[in-house]
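So the chains spell out like this:
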Amino acid sequence: MGRQAVHGVLPADGVIAPIMRISCGTTWAKRWPLEQAVDLVVRAGYSAIDLTFTGEAEMDAALAVMRQNALAINSVTVEWPGHESSDSLLFRALNWSRKAGVSAWTVVTGERRQGSIQELASRLQCVLAACAGMNCAVINRLGRRIEQLEDFRELFVRVADPRLRVVIDTFEFHRASVDPRAAVDELADRADRLILADAIGCRQVPLGEGEMNVASILAHARDRGGINSLSLVPQVTSASNAVEELAAERHRLEALCAAI
């Protein structure tokens, strides 16, 4: 469920402001109960969490767990195939976000070969009409309907609502052979978050140990302006190492920000 996120502000004067809040997701903890993941996140020193839902049953359990601890919910992401039969999950996530006090949420679209941008745009317009006062962001994923920069271009032509936002996943753009800095150039004005990772080929590695030049991407985002939230995708090998690994990736990003 979700991804680790480290948040800082990239203001127009080109200086990265101090990190305001660190939020951590739990995609690494799919085989563990959410209660255990939350405990590890707290022990790693995080004050907020990002959640991703793939089914409605997860939502009931998650709300109860989150109400029992001090972690804030930073963002909610829902895996949405984009067809009519999946709309109940989408609107359930919308209502869940309202109950949890989350004002922005993210949609992971269905497979690229299933459905058109026109169909996706039509359904997103219905969603935006139903979520007054809330933004809805779309994230890129390799093999999904929103994968390339031209997918975003066409979507924004078809959906003019400024509440339709973007989450830029640099690792997924890298996997799709798109320069993450080009994505920052084009999408920063609509971006809610910049998700950072490092990789060798399509294999994720700790920040600073791969070929993606995360420092350059960060500097590019600083110079471009408009992006005010940074997110990390951690690698956790086991529950016994989770606290150290979650904290280590955060420290790596903090060091990169300080160096810029």
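One can find the structure itself at the top, above this paragraph.
Our subject in this report is the structure included herewith. All of these numbers come straight from a predicted model, not from anything done at the bench. (Residues numbered from 1 in each chain as written. Predicted model: local features only at pLDDT ≥ 70, side-chain atom pairs only at ≥ 80, totals over all residues. Heavy atoms only, no water.)

### Observations concerning the pairing of strand β5 (residues 104-108)
Line of reasoning, step 1. Across the 5 residues of β5, 4 count as buried, placing the element largely inside the fold.
Line of reasoning, step 2. With 4 bridges connecting them, strand β4 (residues 72-79) and β5 associate as parallel partners. Residue pairing in the sheet places glutamate 79 in a bridge with valine 108 of β5. (Buried < 20%, exposed > 50% of the residue type's maximum accessible area, 1.4 Å probe, protein only. Helix = DSSP H or I, 4+ residues; strand = E, 2+ residues; numbered from the N terminus. Pairing = 2+ DSSP bridges.)

### Points about the nonpolar core
Line of reasoning, step 1. Core analysis: the largest hydrophobic core is formed by 86 residues, its most contacted members being Trp28, Trp96, Trp105, Leu155, Ile168, Leu194 and Leu196.
Line of reasoning, step 2. Every residue in contact with leucine 155, bar those within four places of it in the chain, is listed here: Ile117, Leu120, Ala121, Leu124, Val138, Ile146 and Leu164. (Core = buried A, V, L, I, M, F, W, Y, C linked by side-chain atoms within 4.5 Å. Contact = heavy atoms within 4.5 Å.)

### Let's talk about helix α1 (residues 34-43)
Spacing of three or four residues puts side chains on the same side of an α-helix, whose turn is 3.6 residues.
Line of reasoning, step 1. Those residues of α1 that fall on the buried side of the exposure criterion are Leu34, Ala37, Val38, Leu40 and Val41. Take α1 and look down its axis: the buried residues cluster within an arc of 160°, on one side only.
Line of reasoning, step 2. Looking one or two residues past α1, glycine 45 carries a phi angle of roughly 95°, positive in sign. (Arc of directions from axis to C-beta.)

### A closer look at the packing of aromatic side chains
Line of reasoning, step 1. Counted according to the given criterion, the structure contains 4 aromatic pairs.
Line of reasoning, step 2. By way of ring pairs, the aromatic residues Phe152, Phe156 and Phe173 are connected into one cluster.
Line of reasoning, step 3. Its guanidinium or amino end placed over the ring of phenylalanine 156, arginine 190 lies 3.9 Å from that ring's centre, counting from NZ or CZ. (Phe/Tyr/Trp six-rings, centres within 6.5 Å; stacked < 30°, edge-to-face > 60°. Lys NZ or Arg CZ within 6 Å of the ring centre and 35° of its normal.)

### A few points about helix α4 (residues 117-130)
Line of reasoning, step 1. End to end, α4 covers 20 Å across 14 residues, agreeing with the expected 20 Å (1.5 Å per residue, within 8%).
Line of reasoning, step 2. Burial in α4 covers these residues: Ile117, Leu120, Ala121, Leu124, Val127 and Leu128. Take α4 and look down its axis: the buried residues cluster within an arc of 120°, on one side only. Exposed side chains of α4 directed beyond 90 degrees from the buried face belong to Gln118 and Ala129.
Line of reasoning, step 3. Looking at the buried positions of α4, the neighbouring elements they touch are α3 (87-100), β5, β6 (135-139), α5 (149-158) and β7 (164-169). (Expected span 1.5 Å × (residues − 1).)

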